[in-house]
Amino acid sequence: MKKGGQYTGKVEKLNFPNKGIVSLEEEKVLIKNVIPNQTISFIVQKKRKGKAQGRLVEVLEKSPVEIDSPCPHFGTCGGCTYQNLPYEEQLKIKESQVKELLDSVYRKREEQPVYQFEGIKASPVQFAYRNKMEFSFGDERKDGPLSLGMHKRGSFYDVVSVEQCQIVDEDYRLILKTVLDYFQDKQISFYHRMKHTGCLRHLLVRKAVKTGEILIVLVTTTQEAEALAGLLEGFVEALLDSRLKGKIAGILHTKNDSLADVVKSDETIILYGKDYFYEELLGLKFKISQFSFFQTNSLGAEVLYETAREYIGKLDEDDLWEQKQYGEKGKRDKVVFDLYSGTGTIAQMLAPVAKKVIGVEIVEEAVEAARINAQQNELSNCEFIAGDVLKVLDDIEDKPDLIVLDPPRDGIHPKALQKIIAYGVERIVYISCKPTSLVRDLEVFLESGYEMVRASGVDMFPGTGHVESIVLLSHKSPDSHINVKVEFGEGEGKVPLDAIAERAKKYQPKPKITYKMIQEYVEKKYGFKVHTAYIAEVKRSLGLTMYDAPNAVEELKQLRKHSPKEKVEAIKDALKYFEVI
């Protein structure tokens, strides 16, 4: 098998996310945008160290379970990957992917999985489930007509119009058509991501499933500002003249001159109505604005949060979830941390059964919305703090009894993770939208004395390769207890205290020797500092156990220089001092 060569093979399985595996000449090739049991033609694009990546050329033979996608844009649009599979088959793939990733944590530790895996829970709706979409302006081909939709499959620059998208409802589709028709007629330019020129960037649409209210945000650069200013009134009128008028809560214009291809605001102006609406979830009311973090599948979010609530279980001796009122005997003495809290959904679910809930979220707008939400829901024991979890935890005086984590896709910062573990709470519920990040963090939790008790997946994103995961972590506890009556002291049948002390000392586990301890020893004795990379190099040369760092990279950008001889000897001396060697 050579790089650049075209080959034929059968897809054996799918790894998360969207990585099909084909075996060829005793090697594995990873190929995107395929499904199991397809026979495909592909070109090998990369090949190194026994691993290869390929690009799909053609599906030569369909999978026996494959169906025609209900979306006319499928295969061209890069948004969905599984719409050519029956929903039950999608669920089977995601369930196996989550289970395999969670089990891999134990395989690395050479242990058998002991947790209870509860499968995957389906989304209540398979289509039209999205309550938020970010569409891009562009063209489908060079110098083609203006398009508005999603990035073309396999392309970062080309944009495919998706007026018949099936993961949104008819209101979204009408908005797409109305906005595209309007700006095609006005012939205003879109923003070129390579040239950094042009005006139209994104169209953000949010809709409340329970109330039906819609928020529409036009995102542009400040280029061609004068020409655009004369078009905004007509833009609003075009939307209000459609059958959406009674549903639109607000129309906004956001200016964004960032070079990054992200939806952000340098300035936002309300063109019509207001800049927020309310959504309802599990009997609670939430204020949603332009950048508020809120699960994109509202009905699926109810399944996810019900699962989280079940995992959290009883905070007190009584089943407080079923109590509507609390008398004088009600126990509400638990402090709960909701870290990466977004608009405070989980925090407010827990508030009725906790003494206090503290939510931490880095997006200030989301924190402000969370405070308003708590007030609207008459919850006085919620506190929301704006800031990075890594820094905020140092300033919170309260100590948690329970921690709920719902971090962004990249997971938890390694230093923040250590601070979370240091609290030593009995239970942690971890919600993740990227199971590979979850697995990386789980390795650290398990090394720190936690065990995974329960786990499941929730399909928040039907038709796509994405899946939400949720696990319950608990401190390890003995399986059983044996009561033995022992008399201490001198004399027949008694156990001497001195003997116990000596035996305990003999079997006392050695403390973990950290790089920081080695650095401090060397600096104090030799008067110079040693880099952690030097310590790792020495440990590796001595054949000592090395652990994968949670934020390790596959390859170094440049080779490290070998440590000086005197520093090598100093590090070896420290390792001898701490009885590592």
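Everything numeric in this text was worked out from a predicted model, so none of it was measured. (Residues numbered from 1 in each chain as written. Predicted model: local features only at pLDDT ≥ 70, side-chain atom pairs only at ≥ 80, totals over all residues. Heavy atoms only, no water.)

### Looking at the overall build of the protein chain
Argument step 1. When helices and strands are counted, the protein chain shows 14 helices and 22 strands.
Argument step 2. Per-residue burial for the protein chain yields a buried fraction of 48% across its 581 residues.
Argument step 3. Across the protein chain, contacts joining residues at least 24 apart in sequence account for 63% of those joining residues at least 6 apart.
Argument step 4. In the form shown here, the protein chain has an accessible surface area of approximately 30,800 Å², with 48% of it arising from carbon and sulfur atoms. (Helix = DSSP H or I, 4+ residues; strand = E, 2+ residues; numbered from the N terminus. Buried < 20%, exposed > 50% of the residue type's maximum accessible area, 1.4 Å probe, protein only. Contact = heavy atoms within 4.5 Å. Areas by Shrake-Rupley, 256 points an atom, 1.4 Å probe, with all protein chains shown as cover.)

### Thoughts on the environment of glycine 119
Argument step 1. For glycine 119, the position within the fold is in strand β6 (residues 116-121).
Argument step 2. Residues contacting glycine 119, with those up to four places away along its chain left out, are Glu95, Ser456 and Gly457.

### Here's the deal with helix α5 (residues 298-312)
Argument step 1. Its 15 residues place the ends of α5 21 Å apart at the C-alpha level, agreeing with the 21 Å of an ideal helix rising 1.5 Å per residue.
Argument step 2. The set of residues buried in α5 consists of Ser298, Gly300, Ala301, Glu302, Leu304, Tyr305, Thr307, Ala308, Tyr311 and Ile312.
Argument step 3. Positive phi appears at glycine 313, one or two residues downstream of α5, with a value of about 65 degrees. (Expected span 1.5 Å × (residues − 1).)

### Thoughts on unusual backbone geometry
Argument step 1. With an omega of -10 degrees, the peptide bond running from phenylalanine 16 to proline 17 counts as cis.
Argument step 2. Inspection of the secondary structure puts proline 17 in the loop between β1 (6-15) and β2 (19-24).
Argument step 3. Residues other than glycine seldom take positive phi values, yet glutamate 26 does so here, at roughly 60 degrees.
Argument step 4. Along the chain, glutamate 26 turns up in the loop between β2 and β3 (27-31).
Argument step 5. With phi around 60 degrees, histidine 196 is a residue other than glycine that occupies positive phi space.
Argument step 6. One can find histidine 196 in the loop between α2 (170-186) and β10 (200-207).

### Re the nonpolar core
Considering soluble globular proteins, one finds that nonpolar side chains tend to be buried as a cluster.
Argument step 1. Within the largest apolar cluster, 84 residues are counted, with the highest numbers of intra-cluster contacts made by Phe135, Phe137, Ile175, Val179, Phe183, Leu203 and Phe235.
Argument step 2. For this core, the element with the most residues is α2, which contributes eight residues.
Argument step 3. If near-sequence neighbours (up to four positions away) are discounted, phenylalanine 235 is found in contact with Val179, Tyr182, Phe183, Leu218, Ile251 and Leu271.
Argument step 4. Counting 44 residues, the second-largest nonpolar core is a separate cluster that includes Leu393, Val439, Leu442 and Leu473. (Core = buried A, V, L, I, M, F, W, Y, C linked by side-chain atoms within 4.5 Å.)

### Some remarks on the pairing of strand β14 (residues 276-281)
Argument step 1. As defined by bridge partners, β14 adjoins strand β15 (residues 284-289) across six bridges and the pair is classed as antiparallel. If you follow glutamate 280 over to β15, its bridge partner there is lysine 285.
Argument step 2. Here β14 folds back onto β15, and the loop between the two strands holds two residues, one of which, leucine 282, carries a positive phi near 50 degrees. (Pairing = 2+ DSSP bridges.)

### Things to note about α2
Argument step 1. With 17 residues, α2 should reach 24 Å at 1.5 Å per residue; the first-to-last C-alpha distance of 24 Å fits that figure.
Argument step 2. Two or three places before aspartate 171, at the opening of α2, aspartate 169 has a side-chain oxygen 3.0 Å from that residue's backbone nitrogen.
Argument step 3. Just downstream of α2 lies glutamine 187, where phi reads positive at about 55 degrees. (Polar contact = N/O pair within 3.5 Å; in protein donor to acceptor, adjacent residues only side chain to side chain.)

### Here we look at the sheet that holds strand β4 (residues 39-48)
Argument step 1. Pairing within the closed barrel is mixed, and its five strands lie in the order β1-β2-β3-β5-β4. Each strand axis lies, on average, 50 degrees off the axis of its neighbour in the sheet, ignoring direction.
Argument step 2. In the sheet, β3 pairs with strand β5 (residues 51-61) via four bridges, with the strands oriented parallel. By the bridge assignment for β5, lysine 28 is matched with lysine 51. (Axes fitted to C-alpha atoms, helices over the stretch in contact; angles between N-to-C directions.)

### Overview of the sheet that holds strand β9 (residues 159-161)
Argument step 1. Strand order across the open sheet formed by seven strands is β9-β8-β7-β10-β11-β12-β13, with mixed pairing between neighbours. In this open sheet, the two strands that pair with only one neighbour each are β9 and β13 (267-273). Looking at each pair of strands side by side, their axes are set apart by 35 degrees on average, direction ignored.
Argument step 2. Note: strand β8 (residues 146-151) against β9, three bridges, orientation antiparallel. Across the sheet, the residue bridging to histidine 151 is valine 159, located in β9.
Argument step 3. Running over the sheet, α2 touches β7 (132-139), β8, β9, β10 and β11 (214-220) and is turned about 155 degrees from β10.
Argument step 4. Sitting on the sheet, helix α4 (residues 232-240) touches β11, β12 (248-255) and β13, and the angle it makes with β12 is about 155 degrees.

### Things to note about the pattern of salt bridges
A side chain of one charge can pair with a side chain of the opposite charge if their charged atoms are brought near each other.
Argument step 1. Evaluation of the coordinates by the stated rule reveals 29 salt bridges.
Argument step 2. The partner of aspartate 169 in a salt bridge is lysine 207, and the shortest N-O contact between them spans 2.6 Å. In this pair, aspartate 169 is assigned in the loop between β9 and α2 and lysine 207 in strand β10, connecting sequence segments 38 residues apart. Residue aspartate 169 shares its accessibility class with lysine 207, and that shared class is buried.
Argument step 3. Ionic pairing is found between lysine 210 and glutamate 302, a salt bridge with its closest N-O pair at 3.1 Å. With lysine 210 in the loop between β10 and β11 and glutamate 302 in helix α5, this residue pair connects regions lying 92 residues apart in the sequence.
Argument step 4. In this structure lysine 210 comes out as partly exposed when scored by relative accessible area, which is 40%.
Argument step 5. Given the relative accessible area of 17%, glutamate 302 is considered buried. (Salt bridge = Lys/Arg side-chain N within 4 Å of Asp/Glu carboxyl O.)

### Concerning the packing of α2 against α4
Argument step 1. One can describe the packing of α2 onto α4 by two numbers: an axis separation of 10 Å at closest approach and a directional angle of 145 degrees. Once α2 is placed against α4, the crossing between them reads as right-handed. On α4, the residues that touch Ile175, Thr178, Val179, Tyr182 and Phe183 of α2 are Gly234, Phe235, Ala238 and Leu239. (Left-handed = near helix turned anticlockwise from the far one by under 90°.)

Purely geometric numbers; function is a separate question.
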